Amino acid sequence: MYLTSEKKAEIFAKHGKSATDTGSAEGQIALFTYRINHLSQHLKANHKDYNTERSLVKLVGKRKNLLNYLKKTEIERYRAIIAELGIRK
């Protein structure tokens, strides 16, 4: 499995407030980014995997909605997470 509970805890500890803070917008955005990168690599090797392509599009939409929320509410946190993860926006 590409995403173990230890990896999730590491992502949330780095980008969230703590390893158990799974609800923060930054933690969710970081987790979605990790999953998006993994699915993108999978699709490069398996270009006809349409179910994975659909789930990738849904994940990108979820991440975009969270980024829009963060941009509207707290612009400094938005700028920090964009710079830290290297997301184009």
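Please read all numbers here as calculations on a predicted model, not as lab measurements.

Trainee: Looking at this structure, how should I read the packing of helix 1 (residues 5–15) against helix 2 (residues 25–45)?
Mentor: Helix packing for two helices is described by the angle between their axes and how far apart those axes are. The contact between helix 1 and helix 2 brings their axes to 8 Å, and the two run at 135 degrees. In terms of orientation, helix 1 and helix 2 fall into the oblique class. The way helix 1 lies across helix 2 gives a crossing that is right-handed. Here Lys7, Lys8, Ile11, Phe12 and His15 of helix 1 come into contact with helix 2, specifically with Glu26, Gly27, Gln28, Ala30, Leu31 and Tyr34. For the contact of helix 1 with helix 2, the residue count by class is 5 nonpolar, 3 polar and 3 charged.

Trainee: Mind showing me how you'd approach the side chain of arginine 63 here?
Mentor: Within the element layout of this structure, arginine 63 appears in helix 3 (residues 50–73). Glutamate 84 is the oppositely charged side chain nearest to the buried, salt-bridge-free arginine 63, at an N-O distance of 13 Å. Those residues in contact with arginine 63 that sit more than four places away from it in its chain are Ile29, Phe32, Thr33, Ile36 and Ile87.

Trainee: What is the right way to read the packing of helix 3 against helix 4 (residues 75–85) from this model?
Mentor: With their axes 6 Å apart at the nearest point, helix 3 and helix 4 run at an angle of 135 degrees to one another. One element, helix 3, and the other, helix 4, form an angle in the oblique class. Contact residues: helix 3 offers Leu67, Leu70, Lys71 and Thr73, while helix 4 offers Ile75, Arg77, Tyr78, Ile81 and Ile82. Residue composition of the contact of helix 3 with helix 4, grouped by class: 6 nonpolar, 1 polar and 2 charged.

Trainee: Please clarify how the environment of tyrosine 34 should be interpreted in this entry.
Mentor: Structurally, tyrosine 34 can be placed in helix 2. Expressed as a C-alpha distance, the spacing of tyrosine 34 and threonine 22, which sit 12 residues apart in the sequence, is 14 Å. For tyrosine 34, the contacting residues outside a window of four places in its chain are Tyr2, Leu3, Lys7 and Ile11. Of note is the side chain of tyrosine 34, whose polar atom sits 3.2 Å from the backbone oxygen of tyrosine 2.

Trainee: Can you walk me through the nonpolar core in this structure?
Mentor: Generally speaking, nonpolar side chains in soluble globular proteins are found buried as a group. With 8 residues, the main nonpolar core is built from Ala25, Ile29, Leu67, Leu70, Tyr78, Ile81, Ile82 and Ile87. Listing elements by their share of this core, those giving two or more residues are helix 2, helix 3 and helix 4. In contact with isoleucine 87, not counting residues within four places along its chain, are Ile29, Thr33, Arg63, Leu67 and Ile82. Counting residues in hydrophobic clusters, the runner-up holds 6 residues, among them Leu39, Leu43, Leu56 and Leu59.

Thresholds applied
- Residues numbered from 1 in each chain as written.
- Predicted model: local features only at pLDDT ≥ 70, side-chain atom pairs only at ≥ 80, totals over all residues.
- Heavy atoms only, no water.
- Axes fitted to C-alpha atoms, helices over the stretch in contact; angles between N-to-C directions.
- Helix = DSSP H or I, 4+ residues; strand = E, 2+ residues; numbered from the N terminus.
- Parallel < 35°, antiparallel > 145°, perpendicular 65-115°, else oblique.
- Left-handed = near helix turned anticlockwise from the far one by under 90°.
- Contact = heavy atoms within 4.5 Å.
- Nonpolar A, V, L, I, M, F, W, Y, C, P; charged D, E, K, R; others polar.
- Buried < 20%, exposed > 50% of the residue type's maximum accessible area, 1.4 Å probe, protein only.
- Lys, Arg positive; Asp, Glu negative; His and termini not counted.
- Salt bridge = Lys/Arg side-chain N within 4 Å of Asp/Glu carboxyl O.
- Polar contact = N/O pair within 3.5 Å; in protein donor to acceptor, adjacent residues only side chain to side chain.
- Core = buried A, V, L, I, M, F, W, Y, C linked by side-chain atoms within 4.5 Å.

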